[in-house]
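# Chains, contacts and geometry: an overview
Here is how the chains run, residue by residue.
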Amino acid sequence: QVQLVESGGGLVQAGGSLGLSCAASGRFDSINTMGWFRQAPGKQREPVARITGGGSTNYADSVKGRFTISRDNAKNTVYLQMNSLKAEDTGIYYCNLEERVGPGRFNAYWGQGTQVTISS
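The next subject is the sheet that holds strand E7 (residues 67-72). Overall, antiparallel pairing links the four strands, which are arranged E1-E3-E8-E7 in an open sheet. Every other strand in the sheet has two partners, leaving strand E1 (3-7) and E7 as the edge strands with one partner each. Sheet twist, expressed as the average angle between the axes of neighbouring strands with direction ignored, equals 15°. Taken together, the six bridges between strand E3 (residues 18-25) and strand E8 (residues 77-82) define a ladder with antiparallel strand orientation. The residue bridging Ala23 from the neighbouring strand is Thr77, located in E8.

Another point: the side chain of Thr114. The residue Thr114 is located in strand E11 (residues 114-119) in this model. Not counting the four nearest positions on each side in its chain, Thr114 is found in contact with Glu6, Gly9, Leu20, Gly91, Ile92 and Tyr93.

Turning next to the state of the cysteines. Tallying each qualifying case throughout the model produces one disulfide. The side chain of Cys22 participates in a disulfide bridge whose partner is Cys95; the two sulfur atoms lie 2.0 Å from each other. What sets the handedness of the Cys22 and Cys95 disulfide is the S-S torsion sign, and at about -85° it is left-handed. Pair noted here: Cys22 is in strand E3 and Cys95 is in strand E9 (residues 91-102), with a separation of 73 residues, a long-range link. For the pair Cys22 and Cys95, one class covers both residues: buried.

The pairing of strand E4 (residues 32-39) with E9 spans eight bridges and is classified as antiparallel. Considered in E9, the bridge of Phe37 is made with Tyr94. Where E9 meets E11, three bridges bridge the pair, whose relative direction is antiparallel. Counted as the bridge partner of Tyr93 is Thr114 from E11. Sheet analysis places E9 next to strand E10 (residues 105-110), joined by six bridges and oriented antiparallel. Bridging from a neighbouring strand, Glu98 pairs with Ala108 of E10.

In terms of nonpolar packing, the biggest core is built from 25 residues, with Trp36, Val48, Phe67, Val78, Leu80, Met82 and Tyr93 touching the most fellow members. Sorting the residues of this core by element identifies E3, E4, strand E5 (46-52), E7, E8, E9 and E11 as the ones contributing at least two each. Element by element, the count of residues in this core is highest for E3, at four residues. Aside from chain neighbours lying at most four places away, what touches Met82 is Gly16, Ser17, Leu18, Leu20, Arg66, Phe67, Tyr93 and Val116.

It is worth spelling out the environment of Gly65 at this point. Mapped onto the secondary structure, Gly65 falls in the loop between strand E6 (57-59) and E7. The spatial distance from the C-alpha of Gly65 to the C-alpha of Thr77 is 22 Å, given a sequence separation of twelve residues.

Right, let's talk about unusual backbone geometry for a bit. For Asn76, which is not glycine, the phi dihedral falls at a positive 50°. Tracing the chain through its elements places Asn76 in the loop between E7 and E8. Even without glycine at this site, Ser84 takes up a positive phi of about 50°. Mapping Ser84 onto the fold places it in the loop between E8 and E9.

Rules used in this analysis
Residues numbered from 1 in each chain as written. Predicted model: local features only at pLDDT ≥ 70, side-chain atom pairs only at ≥ 80, totals over all residues. Heavy atoms only, no water. Pairing = 2+ DSSP bridges. Helix = DSSP H or I, 4+ residues; strand = E, 2+ residues; numbered from the N terminus. Axes fitted to C-alpha atoms, helices over the stretch in contact; angles between N-to-C directions. Contact = heavy atoms within 4.5 Å. Disulfide = S-S within 2.5 Å. Buried < 20%, exposed > 50% of the residue type's maximum accessible area, 1.4 Å probe, protein only. Core = buried A, V, L, I, M, F, W, Y, C linked by side-chain atoms within 4.5 Å.

Listed below in structure tokens is the structure:
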């Protein structure tokens with residue numbers, strides 16, 4: 001059983017900063033991708049940032065230059081540093097871990113989500 005536990009959400013004013021972290025536990029392939037998704041009220045869940053075990057990253061266009069994803073492989077933990085926050089960054093942020101289990105086959109695991117609210 002894989003568990004992802006997020007922490008660090010909260011309320012912050014526009015222009016401020018917030019950091020999220022997510023610790024993974026259980027059995028999963030050491031070769032995996034971890035990332036963050038978010039879901040705003042009335043909208044679909046969308047990817048925010050992802051990072052491979054080797055450190056390759058990609059970001060949604062809306063957060064490039066403002067958010068930074070990083071990970072500590074020894075701790076199976078992924079972080080998201082969010083700067084210059086905007087009201088549209090408000091939503092529930094979900095941690096994600098994806099492991100490859102075969103050609104074209106992946107298992108995906110999700111955290112319970114943490115609320116991020118930006119006041120304008």
